[in-house]
Amino acid sequence: MAADSIPVAPLSIWEPVHLGTDELGRRVEVTLAERNMLIGGEPGGGKSVALQLIVAHGALSADCRLILIDGKRVELGLWRDCAERFIGPSIDEAIDTLHWLQAQIDQRTDELLARQLRKITPGLGWPVYLVPVDEVAYYSATVGTPVAQKEFNACNRDIVARGRAPGIIPVEATQRPSADIIPTSLRDLFGYRWAFRCSTEASSDTILGHGWASMGYSATEIDPKARGVGWLRAEEGIPRRVKAAYLTDEDIIHLAAWAAQARATHADHPADQAGGTVIPLHSKGDAA
């Protein structure tokens, strides 16, 4: 599909996100608002493809703010002009951004309590923060000192645990979500799981949850040539075999340019305000 022929229309983060099709050719969608997702599998299995679909929906949603964290920079880098913050290989910047998100959670929680509300709703007009992290293991177990990695993991767990009600959506991807990469106490907090091809049933269960492989839902059985195919455990609660939709680089460049222009044009969108209280939206270069 040529870039100039791609239909582009504004979306909402509260609307279902299109992820692909199931084995019967039915459209597969999930609602990510008030949710979070863990994506895992072997290199080349489809994790980045899945992440691009979610980021695209967020970028095209006027009521969504993107916080992109990508140690490799190239996976999410094409969307950087759409993001409030784009974090590359610096673990210190990643930790600063997580601290900033924790402050947003605290501020929003105080505002919800003042309004006698338990969670954010579309009617409030507050922007939702979508926080994709590509290859979380880069920050949690590869770069930086053990102290910095521990700080990253602690902050990350807090955001996943507390982010749902105030409108923070973490979506994290990794090749190997074992305990040394994503601690079990964090991994178990993810409501939605998407497992692409894995080399062992233990790895498959680590993504989908314990026991699913023994019930026939094993990502080890996915053909290595079937890129983009994975088991998605989401709203139905039962894993569903899904073929992810695919955005080419040309598609992404076109969509990202359109989204960035739309965001620049509507910088003072009403979604930036919560009643009479301004919910601060810091620019890309702001400190935490």
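Structural data are supplied above this passage.
Residues numbered from 1 in each chain as written. Predicted model: local features only at pLDDT ≥ 70, side-chain atom pairs only at ≥ 80, totals over all residues. Heavy atoms only, no water.

Asks: Hey, could you run me through the sheet that holds strand S4 (residues 64-70) in this one?
Replies: Sheet strands pair via backbone hydrogen bonds, and the direction of the pair is either parallel or antiparallel. Taken together, the 10 strands give an open sheet; going across it, the order is S2-S1-S10-S9-S8-S3-S7-S6-S4-S5, and neighbouring strands pair in mixed fashion. Of all the strands in the sheet, just strand S2 (27-30) and strand S5 (83-87) have a single pairing partner and so form its edges. In this sheet, adjacent strand axes meet at a mean angle of 25° when their direction is disregarded. Sheet topology places strand S6 (residues 128-134) next to strand S7 (residues 168-174); 6 bridges connect them, and they run parallel. Pairing of Asp134 across the sheet is with Ala173, part of S7. (Pairing = 2+ DSSP bridges. Helix = DSSP H or I, 4+ residues; strand = E, 2+ residues; numbered from the N terminus. Axes fitted to C-alpha atoms, helices over the stretch in contact; angles between N-to-C directions.)

Asks: Would you mind going over the side chain of Ser61 with me for this structure?
Replies: Its place among the elements puts Ser61 in the loop between helix H1 (47-59) and S4. Non-local contacts of Ser61, meaning those with residues more than four positions away in its chain, are made with Leu11, Ser12, Ile13 and Arg263. (Contact = heavy atoms within 4.5 Å.)

Asks: What is the right way to read the packing of helix H2 (residues 91-114) against helix H4 (residues 146-162) from this model?
Replies: For any two helices packed against each other, the geometry comes down to the angle between their axes and how far apart the axes lie. Where H2 meets H4, the closest approach of the two axes is 9 Å, and the angle between their N-to-C directions is 30°. As far as their axial angle goes, H4 and H2 are roughly parallel. Along this stretch, H2 crosses H4, giving a crossing that reads as left-handed. For the pair formed by H2 and H4, the contact residues are Ile91, Ala94, Ile95, Leu98, His99, Leu101, Gln102, Ile105 and Asp106 on the first element and Ala148, Gln149, Glu151, Phe152, Cys155, Asn156, Asp158, Ile159 and Arg162 on the second. Classifying every residue of the contact of H2 with H4 gives 10 nonpolar, 4 polar and 4 charged. (Parallel < 35°, antiparallel > 145°, perpendicular 65-115°, else oblique. Left-handed = near helix turned anticlockwise from the far one by under 90°. Nonpolar A, V, L, I, M, F, W, Y, C, P; charged D, E, K, R; others polar.)

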